[in-house]
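Summary of the model geometry
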Amino acid sequence: MGLRDELLKPIWHAFTALDLDKCGKVSKSQLKVLSHNLCTVMRIPHDPVALEEHFKDNDEGPVSTQGYMPYLNRFILDKVRDNFDRLELNKMCWTLCAGKNLNINHLLITDEDAFKIWCVFNFLSEERYPLVIVIEEIEYFLRRLMEAMGGSWEEERFQSYRMQQSRRQRDLSAWEFIELVGQGHFSKGMHRQTLSMGIKEVFQELILNVLKKGYMMKKGHKRKNWTERWFVLRLHSLSYYVGEDLTEKKGDILLDGRSCVESLPDKEGKKCLFIIRCSDKSFEISASDTKKKQEWIQAVQSCIYALRHNQVSPHRAARHQRRELRRKLQAEQDQLQEGMRQLQVASEQKQRELEAMRKKLQDTATSAALEERKRMQTQHELQERYRADLEREKMVRQQMERQVAQKSSELEQYLQRVRELEDMYHRLEEALEDERQARQDEENMRKLQSRLLEEEACKRAELEHLHTQQLRAMSQTEAEKQELEKERKEKESALRAAMVQLEQLENERRGALQQYEEVTKKLESATNKTKSWKDKVAHHEGLIRLIEPGVKGPQRITNWGPAAFTENELNLREQEWQQRKNQPPKPPKPSKPPKAQ
C-alpha cells in the first residue's frame, strides 16, 4: 500500500463525517475548509481558486466523493511529499470525525487511546470503501494487544466471537472496532492503565514503526562522557531521548544502506559495547548485558539490510503477506464453489435426461398395450403367429428395464460422489484451519529456535573469550616464571658475594671490639675518679662506646657506631667492597655423577 492509499483512508473518514445527511455529498464550503486544512498539514501550497475552477460547472448542490476525488488527486495528493507529520494529519481528520461517530463515556479507554485504535484500524483495514476490518486482522491486533499487556490469549472466547461475526456476515467499521476494544470483552481483569499501555505499545509498533526500544549508555562526541538515553529504533533511524516519555529528543542516528554496526571490546570500564558507523560520524553505545547487546546489533543489522534491499518495514510486509494469503484462500474457495456449481448443473442435467427416458418408456409401454388389445380383438386367429413377436417385445422390454436400472444405479453413484465432494469440501476447510494453526506453531518454534541460537552464540562467544584470556595468562605466566628464575639466580650470586663481605666485616668488627674493650678499661679507671662521666655511656646494636668530646663538624655513622673508623679507612673499605661486588660470581662446581653399582 503506497503513500496515496494511506492518506486516502483518514481523508475518507473526514469526508464521511462532513456528510451529515448520509447521502454521499458534502457542500463546497466545507470542502474548501477541508482542502485548506489538508494543504496546511501536508505542507502543500494552497490555491483557493482551484476548487471553484474545478467545480465551476457544478454550482448547484453539494459535491459527492466521486466528484471531489479528481480535485483531491490533482491538486493535493499529486503534490504531496513525505516531508510532513502523518500523525498530525491523522489527528486533524480524527478531530473532524470522532465527535460525530463515537461516544467514549461508556468505554474503558480514553480519547487518546481511541485515536490510536482508529489509526491502527486505518493501517489494518481493507483497501475498499467503505472501510472495514476483517476478522483475521482483528485477531492479529487482539493477539498483539494481549502480548503487550502480558495477558494470555483466550482462543475459545475469540472463536465464539468469530462465530457471531460469521452469522452477521459483515465486517467491522472503525467505530465498531473501537467499541470492541474499549468495552474490554477480550481484556477482562486487566486494569485500565494496563490496557492503555498495551494500546500505546501496539500503536508504536504498527503506526510509528518502532522496531525496538530501551535504555542504553551513549558516548558523547564533544565531552566524551557516557550518558544514559532512551533509544527508539525505526527503519530509517535510531533516535535517542532523555527519558521514555519522549518529551525531550537529543538526536537521531540516520541509517542507510551504507551504514554498519560492529561489536567492540570492553574499554574505559564499559562493557557490552558496539558501534554504529554512518556516512558522517560514528556512535559508541553500551548495552546493559550481552543479550541486550546482541539483540540491538541484530535489530540494527536487519534495518540496514532492509534499507540496502529497498524493503518495507516488517509490519507492512507481514500485512501484505496476510492479505495475499486471504486473496489466495478466497480464490481457492471461489474455485471450489464454481466446481460445486458445475457439478450441481451436471447433476440436474442427468436428472432431466433420466426423467425424459422414463417418460419415453412409459409412453412406449402404453402404446404397446393398446396395439396388443387391438390385435387380440381383430386378429385373434393370428395369436400364434404373433407369439414370437410378443416374446421379442418382452425381451426388448426387459432390456430397456435393465437399462433403466443401470441408469438409476449411475444416478445413485453420482449422488454418492456429490456427497463425497461435500464431505471433501468440509475436510478441506478443516485442513486449511489445521494448516493455519500449524503455521502459527511453526512461527512460535522458529522464534524459540532463534532465541536458543542467540543464547548459544552468546555462550560460545563468552567461552572463546575465556579461552583466549586463559591462553594469554598462561603465556604471561611462563614469561614471568623465566624472568623470576633469572632474577633468582642473580640474587643467589649477589647473596653469596654479600656473605663473603659479611664475614670480612665480622672479622673487622671483632678487631674493633678488642680495641674498644681496651679503651673501656681505661674509662673504668677514669670513672672511679669522677662521677660526672657515669651516665655518658650509650648502647648501640650490642656495642658500648664512650661519648667523648669531638669535633663540631658532622660525624660519620657506621655499623660500629659514630667515629668507629677514620674517614680514610672507611673510604678504603668502601672501595674494597665495591670491587668485590663488581667481580662476577664463581660458577658452582659440577656435582660428581653417582657411581654405578
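This is a predicted model, so every value here is computed, not measured.

Describing the overall build of the chain
From N to C terminus, the chain includes 14 helices and 13 strands. Within the chain, buried positions represent 28% of all 597 residues. Sequence-distant contacts, at least 24 apart, represent 60% of the contacts inside the chain between residues at least 6 apart. As presented, the chain carries roughly 41,000 Å² of accessible surface, and 52% of it is formed by carbon and sulfur atoms.

Examining the pairing of strand β4 (residues 226–233)
Counting buried residues along β4, six of its eight residues qualify, which places the element largely inside the surrounding structure. Here eight bridges tie strand β3 (residues 212–219) to β4, and the two strands are oriented antiparallel to one another. Bridge assignment links Met216 to a residue of β4, and that residue is Arg229. Hairpin connection from β3 to β4: six residues lie between these consecutive antiparallel strands, with Lys224 at a positive phi of about 60°.

Side note on the nonpolar core
In terms of nonpolar packing, the biggest core is built from 68 residues, with Leu38, Ile76, Trp118 and Ile178 touching the most fellow members. With nine residues, the single largest contributor to this core is helix α6 (residues 111–124). Discounting chain neighbours no more than four positions away, the residues touching Ile76 are Ser35, Leu38, Cys39, Met42, Ile44, Tyr68 and Tyr71. Counting 24 residues, the second-largest nonpolar core is a separate cluster that includes Phe231, Leu238, Phe283 and Trp296.

Some details on the layout of surface pockets
Looking at the second largest pocket, its volume works out to about 1,200 Å³. As for the second largest pocket, its lining consists of 35 residues, and the residues nearest its centre are Glu6, Arg86, Ile207, Asn209 and Arg316. Elements that contribute at least two residues to the lining of the second largest pocket include exactly α1 (3–18), α5 (86–101), α6 and α12 (314–378). Of all the elements, α12 adds the most residues to the lining of the second largest pocket, at six residues. When the residues that make up the lining of the second largest pocket are grouped by side-chain class, the tally is 14 nonpolar, ten polar and eleven charged.

What about the packing of α6 against helix α9 (residues 174–182)?
Put simply, α6 and α9 touch, their axes get as near as 9 Å, and they point 125° apart. Relative to α9, the element α6 is oriented oblique. You can see that α6 and α9 cross each other, and the crossing is right-handed. Of α9, the residues touching α6 (which contributes Ala114, Ile117, Trp118 and Phe121) are Ala174, Trp175, Phe177, Ile178 and Val181. Its residues assigned to classes, the contact of α6 with α9 comprises nine nonpolar, no polar and no charged.

Some thoughts on the sheet that holds strand β8 (residues 273–277)
On the basis of which strands lie adjacent, the open sheet formed by seven strands has the order β6-β5-β4-β3-β9-β8-β7 and antiparallel pairing. This sheet does not close on itself; its edge strands, each paired only once, are β6 (249–254) and β7 (260–264). Ignoring strand direction, the axes of neighbouring strands in this sheet form an average angle of 35°. Across the sheet, helix α11 (residues 290–308) lies against β3, β4, β5 (237–241), β7 and β8, angled at about 160° from β7, the strand it touches most.

A look at the packing of aromatic side chains
For the coordinates displayed, the defined rule picks out 13 aromatic pairs. Summarising the aromatic geometry, the rings of Tyr215 and Trp230 are spaced 4.8 Å apart at their centres and angled 70° between planes, so their arrangement reads as edge-to-face. One end of the pair, Tyr215, is in strand β3; the other, Trp230, is in strand β4, and 15 residues separate them in sequence. Ring centres of Phe231 and Tyr240 lie 5.7 Å apart, and the angle between their planes is 40°; on these two criteria the pair is classed as tilted. One exposure class covers both Phe231 and Tyr240, and it is buried.

What about the pattern of salt bridges?
Evaluated as defined, the whole model comprises 35 salt bridges. Its salt-bridge partner being Glu137, residue Arg326 comes within 2.8 Å of it at the nearest N-O pair. In this pair, Arg326 is assigned in helix α12 and Glu137 in helix α7 (residues 135–149), connecting sequence segments 189 residues apart. Taken individually, Arg326 and Glu137 each receive the classification buried, so the pair is uniform in this respect. Notably, a salt bridge pairs Arg427 with Asp423, separated by 2.1 Å at the nearest N-O pair. Of the two residues, Arg427 and Asp423 both sit in helix α13 (residues 387–529), four residues apart, roughly one turn of that helix. We classify Asp423 as partly exposed; its relative accessible area is 37%. In the salt-bridge network here, residues are joined through shared partners; they are Glu139, Arg143, Glu155, Arg162, Glu433 and Arg436.

Quick look at the confidence of the model for the chain
Per-residue confidence for the chain gives a mean pLDDT of 80; residues scoring 70 or more make up 88%. Counted against residues more than four places away or in other chains, residues 536–546, with its pLDDT under 50, gives 22 contacts.

Here we look at the side chain of Lys212
Mapped onto the secondary structure, Lys212 falls in strand β3. Within polar-contact distance, the side chain of Lys212 engages the side chain of Glu295 at 3.3 Å. With near-sequence residues (within four places) excluded, Lys212 lies in contact with Phe231, Val232, Leu233, Glu295, Trp296 and Ala299.

How each quantity is defined
Residues numbered from 1 in each chain as written. Predicted model: local features only at pLDDT ≥ 70, side-chain atom pairs only at ≥ 80, totals over all residues. Heavy atoms only, no water. Helix = DSSP H or I, 4+ residues; strand = E, 2+ residues; numbered from the N terminus. Buried < 20%, exposed > 50% of the residue type's maximum accessible area, 1.4 Å probe, protein only. Contact = heavy atoms within 4.5 Å. Areas by Shrake-Rupley, 256 points an atom, 1.4 Å probe, with all protein chains shown as cover. Pairing = 2+ DSSP bridges. Core = buried A, V, L, I, M, F, W, Y, C linked by side-chain atoms within 4.5 Å. 1 Å grid on protein atoms, 1.4 Å probe; cavity = no way out; pocket = protein on both sides within 12 Å on 5 of 7 lines; lining within 4 Å. Points joined across faces, edges and corners; volume = space filled by probe spheres on them. Nonpolar A, V, L, I, M, F, W, Y, C, P; charged D, E, K, R; others polar. Axes fitted to C-alpha atoms, helices over the stretch in contact; angles between N-to-C directions. Parallel < 35°, antiparallel > 145°, perpendicular 65-115°, else oblique. Left-handed = near helix turned anticlockwise from the far one by under 90°. Phe/Tyr/Trp six-rings, centres within 6.5 Å; stacked < 30°, edge-to-face > 60°. Salt bridge = Lys/Arg side-chain N within 4 Å of Asp/Glu carboxyl O. pLDDT = per-residue confidence, 0-100. Polar contact = N/O pair within 3.5 Å; in protein donor to acceptor, adjacent residues only side chain to side chain.

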